[in-house]
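Each chain is listed here by its residues.
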Amino acid sequence: TPYAMAWSNGITEKVNQFSGLPITLFAQVFSPEVGTLVWTTFVPDLATLDAATDKLNVDDGYITMGDAGAKFSLPSVDDSLLQVVYGDPDPNRQVEYVTTVQSVCASGNLARGMELGVEITQRAEKVIGLPGMFIAGTTGSYGTVGWITGYADAKELEAAQQKLAADTKFGEFVDKSVRGVYTEDPSATSQLIYRRII
């Protein structure tokens, strides 16, 4: 609703101003649970994140805004802590869309899953000509991994998806290499698209 989006934009600006962290707001699009909002940031270490969180938790304005947004959200709110294994976020690169693929390493394949995840990212970068990141979940299901790619606009997103789909060598590599390395459970692997709101 317009009220929910106004609140989301407002609290994002509040957190940016008060915490000192570069918070970005995204909405899930063209995906399951469309409209889901996600706030993201990159920090150099946990101490930085901890200090920013402590500041927000004692700010009356932030707490009041958080309480006001309860009517727009589901009973529970998820939080994730991820570690970048490969790739570097570029604060100077303008990104409007982001794709994510998330999976879980199969039992006994954590080391291979990390190694292969980096190689998949590097191969995808060569195919689409855009930088990507490979990440590992620090919280959530043990062995969670993911791939993240940002795009300047919808046109760049579509072109990249078409390049990957048309590259038979990339598809063959994935088919041959991932069997047994990541979970076979389809519900544990997801591909989502997000659009930047602010």
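On a predicted model such as this, the values are computed, not experimentally measured, just so you know. (Residues numbered from 1 in each chain as written. Predicted model: local features only at pLDDT ≥ 70, side-chain atom pairs only at ≥ 80, totals over all residues. Heavy atoms only, no water.)

### Overview of the overall build of the protein chain
So, point 1. Per the secondary structure count, the protein chain includes six helices and seven strands.
So, point 2. In the protein chain, the succession of helices and strands from N to C terminus is α-β-β-α-α-β-β-α-β-β-α-α-β.
So, point 3. Computed over C-alpha atoms, the radius of gyration of the protein chain comes to 18 Å, within 12% of the 16 Å expected from 2.2 N^0.38 for 198 residues, which places it in the range of a compact globule.
So, point 4. Each principal axis of the C-alpha distribution contributes one length, and for the protein chain these read about 55 × 40 × 30 Å. (Helix = DSSP H or I, 4+ residues; strand = E, 2+ residues; numbered from the N terminus. Rg over C-alpha atoms; globule rule 2.2 N^0.38 Å.)

### Quick notes on helix α4 (residues 110–128)
So, point 1. If you check α4, its first and last C-alpha atoms are 27 Å apart, about what 19 residues at 1.5 Å a residue would give, namely 27 Å.
So, point 2. Of all the residues in α4, the buried ones are Gly113, Leu116, Gly117, Val118, Ile120, Thr121, Ala124, Glu125 and Ile128.
So, point 3. Close packing links the buried residues of α4 with β3 (82–86), β5 (132–137), β6 (144–151), α5 (154–166) and α6 (168–177).
So, point 4. Glycine 129, located one to two residues past α4, shows a positive phi value of around 75 degrees. (Expected span 1.5 Å × (residues − 1). Buried < 20%, exposed > 50% of the residue type's maximum accessible area, 1.4 Å probe, protein only. Contact = heavy atoms within 4.5 Å.)

### Quick word on the nonpolar core
So, point 1. Cys105, Leu116, Val118, Ile120, Ala124, Phe134, Val145, Trp147, Phe170, Phe173, Val181 and Tyr182 form the largest nonpolar core, which has 12 residues in total.
So, point 2. It is α4 that provides the largest number of residues to this core, a total of four residues.
So, point 3. Judged by nonpolar contacts, the second largest core, of eight residues, contains Val29, Leu130, Ala160 and Ile193. (Core = buried A, V, L, I, M, F, W, Y, C linked by side-chain atoms within 4.5 Å.)

### What to know about the pairing of β5
So, point 1. Within β5, five of the six residues are buried, which leaves the element mostly enclosed by the surrounding structure.
So, point 2. One ladder, built from four bridges, connects β3 with β5; its direction is antiparallel. Considered in β5, the bridge of tyrosine 86 is made with phenylalanine 134. (Pairing = 2+ DSSP bridges.)

### Some remarks on unusual backbone geometry
So, point 1. A positive phi angle, close to 50 degrees, is found at phenylalanine 30, a residue other than glycine.
So, point 2. Within the secondary structure, phenylalanine 30 is located in the loop between β1 (24–29) and β2 (37–40).
So, point 3. By relative accessible area, phenylalanine 30 is classed as exposed at 66%.
So, point 4. For glutamate 33, which is not a glycine, the phi torsion comes out positive at approximately 55 degrees.
So, point 5. Owing to a relative accessible area of 63%, glutamate 33 belongs among the exposed residues under this scheme.

### With respect to α5
So, point 1. If you check α5, its first and last C-alpha atoms are 18 Å apart, about what 13 residues at 1.5 Å a residue would give, namely 18 Å.
So, point 2. Capping of α5 at its N-terminal end is provided by aspartate 153; its side-chain oxygen lies 3.2 Å from the backbone amide nitrogen of lysine 155. (Polar contact = N/O pair within 3.5 Å; in protein donor to acceptor, adjacent residues only side chain to side chain.)

### Focus: the sheet that holds β1
So, point 1. With antiparallel pairing, the seven strands of this open sheet are ordered in space as β2-β1-β7-β4-β6-β5-β3. Strands with a single pairing partner mark the edges of an open sheet, and in this sheet they are β2 and β3. With direction set aside, neighbouring strand axes in the sheet form an average angle of 35 degrees.
So, point 2. As defined by bridge partners, β5 adjoins β6 across five bridges and the pair is classed as antiparallel. The residue of β6 that forms the bridge with methionine 133 is isoleucine 148. (Axes fitted to C-alpha atoms, helices over the stretch in contact; angles between N-to-C directions.)

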